[in-house]
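# Descriptive structure summary
Okay, here's what each chain looks like letter by letter:
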Amino acid sequence: MKKILIVVISLILISCKNSKFEKQNDSLKDTSTESQKTTCGDIIYQIVKSSKLDLRGQNDFLTKIDRIEGDNITIQVYIENNVSENPKIKQIVESTIAWLVLNVNDHKLYNTSADLDTPIELDFDKSILSQNDIFNLCQIEKKEIKKNISNEKIRYSVLPIEFDEYYKACINPYDSIKCNNNYPKYFFKEDDIIAGVFGNNFHPSDYMYLPKIDDYQPMILCNTDSDIESYDLIVLSGNKVISSLEIGLMDGKSITQFNISKDYVISLYKRKNINEKNIFFKSYIIDKKGTIVVKNN
């Protein structure tokens, strides 16, 4: 009876020991997993390592976040040297290699070592930002980046525009010099900034900028890649379409075409085919609010 009791007690002790050991292992696993979590500092180090920064031959560099101001992270890039003459006692001295600033919202990295007022932009692997939630880890507010359409590179079409002249120059028979000079066109791409402005409403094959009216930007959107050709006049305020009007249509049954005067009188004409004479049917103007409205005669 005593032997049986001893065996039972031994089994219980072994079971408790194993259970305790398993719990310790689980605890170690949790600690290990916790220590492997990516930090804001880890991302910064990866970004610097992927950059084109001249490290002066120092491969064993370190990075430190000096401060975070708004969405700018100031980064110290440095190395550590042991300057102690006693091998048993370490005396670590930091030597700064560079000062960098990372703008998280703009995905820009700058070298500010030489002059803070004239930073030098550095290339780096931007996929690091998309693969990690740097906004959450570094506690930075994510901002909606609004890109304005720059007017510096825009070439405007010449007013007045008479549709027949435009068509001869840019469609058939086609005069590349006249088309490029009088009606400069921009090919539409889905990844262009302008695609976000048009949204889901407009997908032209190309488009033209007309001269601005105060703060409003009129444009003609050309849909000429299919059997049915159409033209839309739109007016932008900033990066928003505030009014639009179909001003041209050739669907095989009839033709609607337009003329636009220098003072923005938009005259529309209709006919059944190219052999018939144009018949005027309506005029529009762009009012002070940028809205395309019927012109009162």
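Cut-offs and rules
Per chain, the residues get numbers from 1 upward, laid out in the order the sequence is written. Residues qualify for local features only when their pLDDT is at least 70, as the model is predicted, and side-chain atom pairs are given and counted only at 80 or more; totals for whole chains, interfaces and linings, by contrast, use all residues. Computation of side-chain values: all heavy atoms of the structure, hydrogens and water removed. Paired strands, in this sense, are two strands between which DSSP finds at least two bridges. Secondary structure elements are taken from DSSP: a helix is a run of H or I of four residues or more, a strand is a run of E of two residues or more, and numbering for both begins at the N terminus. Note on terminology: pairs of cysteine sulfur atoms within 2.5 Å are recorded as disulfides. Burial here depends on accessible area, computed with a 1.4 Å probe over protein chains only, as a share of the maximum for the residue type. Under 20% is buried, over 50% is exposed, and the range in between is partly exposed. When checking whether two residues touch, look at their non-hydrogen atoms; a contact exists if any pair is within 4.5 Å. Salt bridges, as used here, are contacts in which a Lys or Arg side-chain nitrogen is within 4 Å of a carboxyl oxygen on Asp or Glu. Note that the arc is computed from the directions linking the helix axis to the C-beta atoms. Here, nonpolar core means buried Ala, Val, Leu, Ile, Met, Phe, Trp, Tyr and Cys residues that are tied together by side-chain atoms lying within 4.5 Å of each other. Here the aromatic set is Phe, Tyr and Trp, taking the six-membered ring for Trp, and pairing holds for ring centres within 6.5 Å; pairs whose planes are under 30 degrees apart are stacked, those over 60 apart are edge-to-face, and all others are tilted. Counted as over-ring charges are cases with an Arg CZ or a Lys NZ within 6 Å of the ring centre that also lie within 35 degrees of the ring normal.

Both strand β12 (residues 255–260) and strand β13 (residues 266–271) contribute to a ladder of six bridges, which runs antiparallel. For Ile 255, the partnering residue across the bridge sits in β13 and is Arg 271. Two strands pair when backbone bridges link them, and β13 and strand β14 (residues 279–286) are joined in this way by five bridges, in the antiparallel orientation. Bridge pairing links Ser 267 to Ser 283 in β14.

A separate point is the state of the cysteines. Two cysteines form a disulfide when their sulfur atoms are joined by a covalent bond. A complete count under the given rule lists two disulfides for this structure. Bridging Cys 40 to Cys 138, the disulfide has an S-S length of 1.9 Å. For the disulfide bridge between Cys 40 and Cys 138, the dihedral angle about the S-S bond is near 100 degrees, and by the sign convention the bridge is right-handed. One end of the pair, Cys 40, is in helix α2 (residues 40–50); the other, Cys 138, is in the loop between α4 (134–137) and β6 (161–162), and 98 residues separate them in sequence. We classify Cys 138 as buried; its relative accessible area is 6%. Two residues share a disulfide in this structure: Cys 170 and Cys 179, whose sulfurs sit 2.1 Å from each other.

With respect to the helices, strands and loops of the structure, Phe 188 is situated in the loop between β7 (186–187) and α7 (193–198). According to the relative accessible area criterion, Phe 188 is buried, its value standing at 15%. Residues Phe 188 and Tyr 207 lie 19 residues apart in sequence; the distance between their C-alpha atoms is 7.0 Å. If near-sequence neighbours (up to four positions away) are discounted, Phe 188 is found in contact with Ile 194, Ala 195, Phe 198, Phe 202, His 203, Pro 204, Ser 205, Asp 206 and Tyr 207.

Another point: the pattern of salt bridges. Evaluated as defined, the whole model comprises seven salt bridges. Between Glu 69 and Arg 67 there is a salt bridge whose closest N-O contact spans 3.5 Å. A salt bridge links Lys 178 to Glu 165; the shortest N-O distance between them is 3.3 Å. Here Glu 165 lies in helix α5 (residues 163–170) and Lys 178 lies in helix α6 (residues 176–182), a separation of 13 residues in the sequence. Judged by relative accessible area, Glu 165 falls into the partly exposed class, the value being 32%. Through salt bridges with shared partners, one network takes in Asp 66, Arg 67 and Glu 69.

Note on placement: Asp 215 falls in the loop between β8 (206–209) and β9 (216–223). Exposure remark for Asp 215: the relative accessible area of 66% places this residue in the exposed category. Residues Asp 215 and Gly 290, spaced 75 residues apart in sequence, show a C-alpha to C-alpha distance of 8.9 Å.

With that settled, consider α5. Those residues of α5 that fall on the buried side of the exposure criterion are Phe 163, Tyr 166, Ala 169 and Cys 170. Within α5, the buried residues cover an arc of 130 degrees as seen down the axis, which keeps them to one side.

On to the nonpolar core, then. The biggest cluster of nonpolar side chains holds 28 residues, and the ones touching the most others in it are Tyr 166, Ile 220, Tyr 231, Ile 247 and Phe 258. Secondary structure elements with two or more residues in this core: α5, β9, β10 (229–237), β11 (240–250), β12, β13 and β14. Counting residues per element, this core draws most heavily on α5, which supplies four residues.

A separate point is the packing of aromatic side chains. Considering all chains together, one arrives at 16 aromatic pairs under this definition. Ring centres 6.3 Å apart and planes at 75 degrees place the aromatic pair Phe 198 and Phe 202 in the edge-to-face group. We note that Phe 198, like Phe 202, is buried. Here the aromatic cluster, defined as three or more aromatic residues joined through ring pairs, consists of Tyr 156, Tyr 186, Phe 188, Phe 198, Phe 202, Tyr 207 and Tyr 209. Sitting over the ring of Phe 124, Lys 126 keeps its end group 4.7 Å from the ring centre. Positioned above the aromatic ring of Phe 281, the side-chain terminus of Lys 270 is 4.9 Å from the ring centre.

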